[in-house]
Amino acid sequence: MENNLEIVTIDTEIGTEQLTETLTETKVEDESFLNFVTIDVWTLIFTWGNLLILFLLMKKFLFKPVRKMMLDRENEVKELYDNAERSKADAAAIKADYESRLSNAKEEAEQIVKNATRSAALKSEEIIAEAHETASGIIARADKQIEAEKRNAENELKNEVSSLAVSIASKVIEKELDEKKHKELIDSFIEKMGDA
Amino acid sequence: MNNIEFYRTIVLAASAIGAGLAMIAGIGPGIGQGYAAGKGAEAVGRQPEAKGDITTTMLLGCAVAESTGIYGLVIAIILLFANPLVGMITG
Amino acid sequence: MNGPKIMFEIPIFGGIPVTETVTNTWIIMAFIVLLSIWLTHDMKKVPSGKQVIAEKLVGMLYNMVEKNMGKGYVNFFAPYIGALFTLSALGSLSSLLGMRPLTADFSTTLGWALLSFMMIQGNNIRCNGIKGWLKGFIEPVPLLLPINIIGEIANPISMSFRHFGNIAAGMVITSLLYGALASLSAVVLQWIPNTFINSIPIFQLGLPAILSIYFDLFTSFLQAYIICMLTMVFVANAGSEEAARGE
């Protein structure tokens, strides 16, 4: 019991000694250490200065170049897209132009074919008509010729007949007949005959 | 052991007790942050796709709610390591 | 647990103390600037490798600022938020390398929060005029004037304490854990007579890494994100719709 008590008292003594030691230590260390929770004006000012310097340096070395690079790339991409868009539009325009031209050509060809067909038809009709005309002309002429020939032959025949008749008659009647008067007579007779 | 030493010892002991008491302030933020975390879990369960936003908001809220606990902690730290009361006695 | 160590003093104005925080900030700034130069050097129209990463990060940042603040703020605030976020995140993460994190110094976070505060008020004045800014304090009723003022002032205080508290708590807990693990190792290895072997803190191996994932990685990024987010939201809220659209 006594022993125990002694230990306790020794312990407390050591405790207080240590305590005083720490206190004196902090007093000594105050010269090279600041307090744990303290507002040191110089540190405060240094903090501001440091943050400002870091702000400027980071802006210069990190944010500006990176930002510039990013914006540059963005612009470039935008430009590329614009270009692509533009060339796409150009291609579309060219295609439309080509298509319209193609359809025009088709129409034209159709027109040409149609025209050619029409003119050919016209020409053939013309040729046929001409041929018809020529043929009918030839036929008419031939007819006329035939008629004329026929008439000639008839006339000849008539003349022959009349002269034959006159000669026969004169032979028969001898000089009694005035040749001219009789010829007229016979002619009229033959005419009547021919008509009959 | 002179008188001043004696009083200083008492002040230090009281400061240590005070520091311990100051840390009771930790209860408040503990409850608050637990509540916030619970609500956060609830929100994630209801809307799992917004997990990132919920977590960020919850952490921010927790950190702000922690302030009161931190005040208590600062008081405790001051009492333990930068005790102004000891200086009063020696001064 | 000490505050930041005073590395040296600049012998003007009666000696300007340069603390560990400030020198660590310089190291991290140099690292960030070198990283920026490396990321952006030899950039090509068709990105590859590191340039993709740089563009992805910058694009994300600009998108985030535009989404949260509006087009009108992007040109100034995207680089500012980027610098603040990088400095804050890497500054907190520097504890992984055994450096004292910048944000475990209240002066640093207070400085950032005060900058945000000035930006908020400045943007308010720029958009609403001094009369409009002053009028904002007595709205909706003049009775609320003290509450409005306290509300405005509480903003940077809570912002800075939040950031500082998170990182400093991580630091304190990590160092407490290291101390505890060292004593645990000492107790466990007590039976080994060799003084060298039983002074090896074997439990410090591995276990703190798990805590470090939360306190260093997660908290660093989260707090950096939060201070940036709050700055953006508050500044954008203080301004008008026209400023957000960039008119």
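Residues numbered from 1 in each chain as written. Chains lettered and ligands numbered in written order. Predicted model: local features only at pLDDT ≥ 70, side-chain atom pairs only at ≥ 80, totals over all residues. Heavy atoms only, no water.

Q: Give me the overall build of chain C: which residues, what numbers.
A: Counting its regular elements, chain C contains seven helices and two strands. Helices and strands in chain C line up, N terminus first, as β-β-α-α-α-α-α-α-α. In chain C, of all internal contacts separated by at least 6 residues, the share reaching a separation of at least 24 is 65%. Entry remark: accessible area of chain C is about 12300 Å², with carbon and sulfur atoms responsible for 72%. (Helix = DSSP H or I, 4+ residues; strand = E, 2+ residues; numbered from the N terminus. Contact = heavy atoms within 4.5 Å. Areas by Shrake-Rupley, 256 points an atom, 1.4 Å probe, with all protein chains shown as cover.)

Q: So what's going on with the packing of aromatic side chains? Residues and values would help.
A: According to the stated counting rule, one finds 13 aromatic pairs over all chains in the structure shown. Ring centres of Trp133 of chain C and Phe137 of chain C lie 5.7 Å apart, and the angle between their planes is 75°; on these two criteria the pair is classed as edge-to-face. Judged by its relative accessible area of 22%, Trp133 of chain C falls in the partly exposed class. The class of Phe137 of chain C is buried, set by a relative accessible area of 14%. Arg67 of chain A extends its terminal NZ or CZ atom over the ring of Tyr62 of chain C, reaching a point 3.9 Å from the ring centre. The positively charged end of Lys50 of chain C is found above the aromatic ring belonging to Trp38 of chain C, 5.4 Å away from the centroid. (Phe/Tyr/Trp six-rings, centres within 6.5 Å; stacked < 30°, edge-to-face > 60°. Buried < 20%, exposed > 50% of the residue type's maximum accessible area, 1.4 Å probe, protein only. Lys NZ or Arg CZ within 6 Å of the ring centre and 35° of its normal.)

Q: Would you mind going over the pattern of salt bridges in detail, with residue names and values included?
A: Following the criterion strictly, the structure yields eight salt bridges over all chains and no others. Taking the shortest distance from any N to any O, the salt bridge between Glu147 of chain A and Arg151 of chain A comes out at 3.9 Å. Placement of the pair is Glu147 of chain A and Arg151 of chain A together in helix α2 (residues 41-173), with a separation of four residues, close to one helical turn. A relative accessible area of 41% places Glu147 of chain A in the partly exposed class. Between Glu42 of chain B and Lys39 of chain B there is a salt bridge, with the nearest N and O atoms lying 3.7 Å from each other. Linking Glu42 of chain B with Lys39 of chain B, this pair stays in helix α2 (residues 27-46), spanning three residues, or about one helical turn. Taking relative accessible area as the criterion, Lys39 of chain B reaches 40% and is therefore assigned partly exposed. Put simply, Lys39, Glu42 and Arg46 of chain B are held in one network by salt bridges that share partners. (Salt bridge = Lys/Arg side-chain N within 4 Å of Asp/Glu carboxyl O.)

Q: Quick rundown of a negative patch on the surface? Include the residues and the values.
A: Among the surface-exposed residues, Glu125, Glu126, Glu130 and Glu133 of chain A lie close enough to one another that they form a single negatively charged patch. Along the chain, Glu133 of chain A falls in helix α2. (Patch = residues over 30% accessible without salt bridge, like charges linked within 9 Å, V, L, I, M, F, W, Y side chains within 5 Å. Lys, Arg positive; Asp, Glu negative; His and termini not counted. Charge placed at Lys NZ, Arg CZ, Asp CG, Glu CD.)

Q: Report on the pairing of strand β1 (residues 6-10) of chain C, specifying residues and quantitative values.
A: Residues and elements named next belong to chain C. For β1 and strand β2 (residues 16-19), the ladder comprises four bridges, and the chain directions are antiparallel. Bridge pairing in β2 links Ile10 to Ile16. If you look at the hairpin formed by β1 and β2, you'll find five residues sitting between the two strands, and Phe13 has a positive phi there, around 50°. (Pairing = 2+ DSSP bridges.)

Q: Tell me what's going on with empty space enclosed by the protein, and back it up with residues and numbers.
A: Scanning all chains against the criterion turns up two cavities of 30 Å³ or more. Its volume calculated, the largest cavity comes out at about 50 Å³. Along the walls of the largest cavity sit Thr43, Phe46, Thr47 and Asn50 of chain A together with Thr21, Val22, Thr25, Leu87, Leu102, Thr108 and Trp112 of chain C, which together make up its complete lining. Counting only elements with at least two residues in the lining of the largest cavity, the list comes to α2 of chain A together with α1 (20-40) and α4 (106-135) of chain C. (1 Å grid on protein atoms, 1.4 Å probe; cavity = no way out; pocket = protein on both sides within 12 Å on 5 of 7 lines; lining within 4 Å. Points joined across faces, edges and corners; volume = space filled by probe spheres on them.)

Q: Help me get a handle on the interface of chain C and chain B, residues and values and all.
A: Contact with chain C, which involves 17 residues of that partner, is made by 13 residues of chain B. Between chain C and chain B, roughly 1300 Å² of surface is buried when both sides are summed, and carbon and sulfur atoms account for 77% of that area. Linking chain C with chain B are zero salt bridges. The interface formed by chain C and chain B includes two residue pairs in polar contact (both at pLDDT 80 or more). Put simply, the parts of the chain that give the side of chain C that touches chain B at least two residues each are α5 (145-188) and α6 (207-238) of chain C. No other element matches the nine residues that α5 of chain C contributes to the side of chain C that touches chain B. (Buried area = accessible area lost by both parts, 1.4 Å probe. Polar contact = N/O pair within 3.5 Å; in protein donor to acceptor, adjacent residues only side chain to side chain.)

Q: Now, about the packing of α1 of chain C against helix α3 (residues 74-93) of chain C: what can you tell me, with residues and values included?
A: Residue and element names in this part refer to chain C. Between α1 and α3, the least distance of the axes is 10 Å, while the angle of their chain directions is 120°. In terms of orientation, α1 and α3 fall into the oblique class. For the crossing formed where α1 meets α3, the hand is right-handed. Where α1 approaches α3, its residues Thr25, Ile28, Met29, Phe31 and Ile32 are matched on the opposing element by Thr86, Leu87, Leu90 and Gly91. Each residue belonging to the contact of α1 with α3 can be placed in one class, and the counts come to six nonpolar, three polar and no charged. (Axes fitted to C-alpha atoms, helices over the stretch in contact; angles between N-to-C directions. Parallel < 35°, antiparallel > 145°, perpendicular 65-115°, else oblique. Left-handed = near helix turned anticlockwise from the far one by under 90°. Nonpolar A, V, L, I, M, F, W, Y, C, P; charged D, E, K, R; others polar.)

Q: Please provide a residue-by-residue account of the confidence of the model for chain A, values included.
A: All names here are of chain A. Model confidence for chain A is summarised by a mean pLDDT of 79, while 80% of its residues fall at 70 or above. Here helix α1 (residues 2-29) stands out as the least confident element of chain A, with mean pLDDT 45; α2 is the most confident, with 88. Note on residues 1-16: pLDDT is under 50 here. Beyond four places in sequence and across chains, it has two contacts. Confidence drops under pLDDT 50 across residues 19-30; counting only partners more than four residues distant or on other chains, this segment forms eight contacts. (pLDDT = per-residue confidence, 0-100.)

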